[in-house]
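# Residue-level structure breakdown
Listed below, chain by chain, are the residues.
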Amino acid sequence: MNKYMIYLNTKRCIGCHGCEIHCKTNKKLPFGAILCEIDHQPLTSIRGVPKTEFSFRSCYQCDEPYCASICPTGAISKREDGIVLVDEEKCIGCMACAGACPWGVPQLNQEKNKMVKCDFCVDRVDQGMEPVCVTKCTTQALRFVTLTRF
Ligand code: SF4
Ligand code: SF4
Ligand code: SF4
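## As for the packing of aromatic side chains
Tallied over the full model, the rule gives three aromatic pairs. Between Tyr-4 and Phe-144, the ring centres sit 5.0 Å apart and the planes meet at 20°, which makes this aromatic pair stacked. You can see Tyr-4 sitting in strand β1 (residues 2-8) and its partner Phe-144 sitting in strand β8 (residues 142-148), a full 140 residues away along the chain. Of the residues examined, Tyr-4 reaches a relative accessible area of 22% and is grouped as partly exposed. Ring geometry for Phe-120 against Phe-144: centres 5.4 Å apart, planes inclined by 70°, an arrangement best described as edge-to-face. Of the two residues, Phe-120 is situated in the loop between β7 (114-116) and α4 (122-125) and Phe-144 in strand β8; the sequence distance between them amounts to 24 residues. Both residues of the pair, Phe-120 and Phe-144, belong to the buried class.

## A look at the site of ligand 1
Around ligand 1, the neighbouring residues are Leu-8, Cys-13, Ile-14, Gly-15, Cys-16, His-17, Gly-18, Cys-19, Ile-38, Cys-137, Thr-139 and Leu-142. The residue makeup of the shell around ligand 1, split by class, is eight nonpolar, four polar and no charged.

## Observations regarding the site of ligand 3
Close to ligand 3 lie 13 residues; Cys-71, Cys-91, Cys-94, Met-95 and Cys-97 are nearest. Grouping the constituent residues of the shell around ligand 3 by class yields eleven nonpolar, two polar and no charged.

## Concerning the nonpolar core
In globular proteins that are soluble, nonpolar side chains generally tend to be buried together. Ranked by internal contacts, the top residues of the largest apolar core, which has 27 residues, are Ile-6, Leu-8, Phe-56, Phe-120, Cys-133 and Leu-142. Residue assignment for this core shows that the elements contributing at least two residues are β1, α1 (18-27), β3 (50-57), α4, α5 (132-136) and β8. In this structure, Cys-67, Cys-91, Ala-98 and Met-115 belong to the second largest nonpolar core, which totals ten residues.

## Focus: unusual backbone geometry
Keep in mind that most residues, glycine aside, have a negative phi and that most peptide bonds are trans. In this structure, His-17 is a non-glycine residue whose phi angle is positive, near 65°. Along the chain, His-17 falls in the loop between β1 and α1.

The rules behind each value
Residues numbered from 1 in each chain as written. Chains lettered and ligands numbered in written order. Predicted model: local features only at pLDDT ≥ 70, side-chain atom pairs only at ≥ 80, totals over all residues. Heavy atoms only, no water. Phe/Tyr/Trp six-rings, centres within 6.5 Å; stacked < 30°, edge-to-face > 60°. Helix = DSSP H or I, 4+ residues; strand = E, 2+ residues; numbered from the N terminus. Buried < 20%, exposed > 50% of the residue type's maximum accessible area, 1.4 Å probe, protein only. Near = heavy atom within 4 Å. Nonpolar A, V, L, I, M, F, W, Y, C, P; charged D, E, K, R; others polar. Core = buried A, V, L, I, M, F, W, Y, C linked by side-chain atoms within 4.5 Å.

Nothing here speaks to function; it is geometry throughout.
In structure tokens, the structure reads:
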């Protein structure tokens, strides 16, 4: 089975947060909810020049997702290709999945009282396109890659 992954080339990232903003816009998320995040980690180079390294955080699309196993309504499922999805129709906004996820990934869309999480823009993936964060990154620091499982 293949599995998708978003990979950040830290040498190309400039920390502009464009990926976060385009993701929020695409998913029409209200204030507070964020599905991917760029972290800034201050480093000092060997010549003493201050530098910052960036990392990208989002849902890890776990093999055995705790979020899915705790959901009382069966709203979270994992597809054959590894993408973990929230079914809005079934979600009652109880936030149990947010507590169960080791990284607190699921976010409440307070306007809808529904949980949201990164699903690699699954509607785009199903049409052969890449996630919005990847296509909008101006420095091409983000890559959407397919891992082959053995
Ligand atoms: S849009 Fe690209 S360059 Fe900007 S923060 Fe995101 S990954 Fe980094
Ligand atoms: S929300 Fe958390 S537990 Fe669920 S698949 Fe994503 S990282 Fe894993
Ligand atoms: S908030 Fe929704 S998706 Fe999360 S555990 Fe509750 S019903 Fe399931």
